[in-house]
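Single-letter residue listing:
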Amino acid sequence: MNSYLSSLLKRSPHLYAWEKEYKLKGKLWRGISTSFDFVSYLPTGAKVLELGCGDGKTLAALVAGDFQMTGLDVSPTAVDLAKEKIGSKAKFVVGNACHLPFKVNYFDAIVAIHVFDHLTENERKLAVEEVKRVLKPGGVLFFEGFSVKDFRFGKGIEVEPKTFRRKNNLWYHYFSLTEVKRLFFDFELVNCVEECVSRSISGQKVDRCAIKFIGKK
Ligand SMILES: C[S@@+](CC[C@H](N)C(=O)[O-])C[C@H]1O[C@@H](n2cnc3c(N)ncnc32)[C@H](O)[C@@H]1O
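What this report covers is the structure whose coordinates are included nearby. (Residues numbered from 1 in each chain as written. Predicted model: local features only at pLDDT ≥ 70, side-chain atom pairs only at ≥ 80, totals over all residues.)

Re the site of the ligand
Lining the immediate surroundings of the ligand are 21 residues, of which Trp18, Gly52, Gly54, Lys57 and Ala97 lie closest. Residue assignment for the shell around the ligand shows that the elements contributing at least two residues are α2 (13-25), α3 (57-64) and β2 (68-73). (Near = placed C-beta within 6 Å. Helix = DSSP H or I, 4+ residues; strand = E, 2+ residues; numbered from the N terminus.)

As structure tokens, this is what we get:
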């Protein structure tokens, strides 16, 4: 880890909380990955970056799609876990979504599945600027974030509007459709939908609700 990242983690408890989670629990993500149909938008060999790749759940699905994948995460332990899972089929970078170590116009697509959810309002704006910088003209952004209708909305202490800090220090922001469209206003809108899926958790029926956005630079 370089000195920029170690100092970032030291001064950002909400980011360091991720490193602590992965160190304590190991792999965090199981089950089915996102339902985005990447293959119908991207040609074989497309250069794709997954922001906040975690331990590699979504990255594993993307690697199967024959893209040139790079996974980036702020947690060094998450990146190690993703490397173990995926091996040499992807490149890996420990880095910050708000300060991407890539050249201008480099990627054909960026995938951001539940990573903006964990940023502060200011960081979300910085990350959007970085996504725009490193995407090629015509490049595609796939975004997914939990919505205000999600059953966990309100869990924890509200630290910014619609953003809650849980006991483990992780921050959770919940989006509305309008907010997502506003955040990515200068992308050409391909699709933006809110999807709710009913789940049974500890015998109780709950709604997991997320907003999915596809846009072109
Ligand atoms: C909910 S997990 C999503 C995992 C993955 N996208 C997937 O679909 O399996 C959020 C991930 O974002 C990472 N993350 C949070 N803030 C970040 C930042 N500023 N830069 C890069 N990664 C970040 C966390 O370490 C965590 O692994």
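Here the narrative resumes.
Notes on the nonpolar core
In terms of nonpolar packing, the biggest core is built from 56 residues, with Val48, Ala109, Ile110, Val111, Ala112 and Leu141 touching the most fellow members. Once residues lying within four places of it in the same chain are set aside, the contact partners of Leu141 are Ile110, Val131, Leu135, Phe184, Phe187 and Gly215. (Core = buried A, V, L, I, M, F, W, Y, C linked by C-beta atoms within 7 Å. Buried ≥ 20, exposed ≤ 12 C-beta atoms within 10 Å, placed from the backbone. Contact = placed C-beta atoms within 7 Å.)

Quick look at the pairing of strand β5 (residues 135-146)
In the case of a regular strand, side chains alternate between the two sheet surfaces. Of all 12 residues making up β5, nine are buried, and the element is well covered by its neighbours. You can see the chain leave strand β4 (residues 107-113), run along helix α5 (residues 121-134) and come back into β5, and the turn it takes is right-handed. Note: β5 against strand β10 (residues 204-216), seven bridges, orientation antiparallel. Counterpart to Val140 in the pairing with β10 is Lys216. (Right-handed = clockwise from strand over helix to strand, strands pointing away. Pairing = 2+ DSSP bridges.)

Notes on the pairing of β10
Bridge analysis of strand β9 (residues 188-201) against β10 gives 13 bridges, and the strand direction is antiparallel. Each residue of the ladder has a partner; that of Arg199, found in β10, is Val206. Between the end of β9 and the start of β10, which pair antiparallel, lie two residues, with Ser202 showing a positive phi angle near 50°.

As for the environment of His114
Secondary-structure assignment places His114 in the loop between β4 and α5. C-alpha separation for the pair His114 and Phe143, spaced 29 residues apart in sequence, amounts to 7.8 Å. Discounting chain neighbours no more than four positions away, the residues touching His114 are Glu144, Gly145 and Phe146.

Here's the deal with the sheet that holds strand β8 (residues 171-173)
Taken in spatial order, the three strands of this open sheet run β6-β7-β8, and their pairing is antiparallel. The open sheet has two free edges, formed respectively by β6 (157-160) and β8, since each of these has just one partner strand. Averaged over all pairs of adjacent strands, the angle between strand axes in this sheet comes to 35°, irrespective of strand direction. Across three bridges, the pairing between β6 and strand β7 (residues 163-165) is antiparallel. Bridge pairing in β7 places Ile157 opposite Arg165. (Axes fitted to C-alpha atoms, helices over the stretch in contact; angles between N-to-C directions.)

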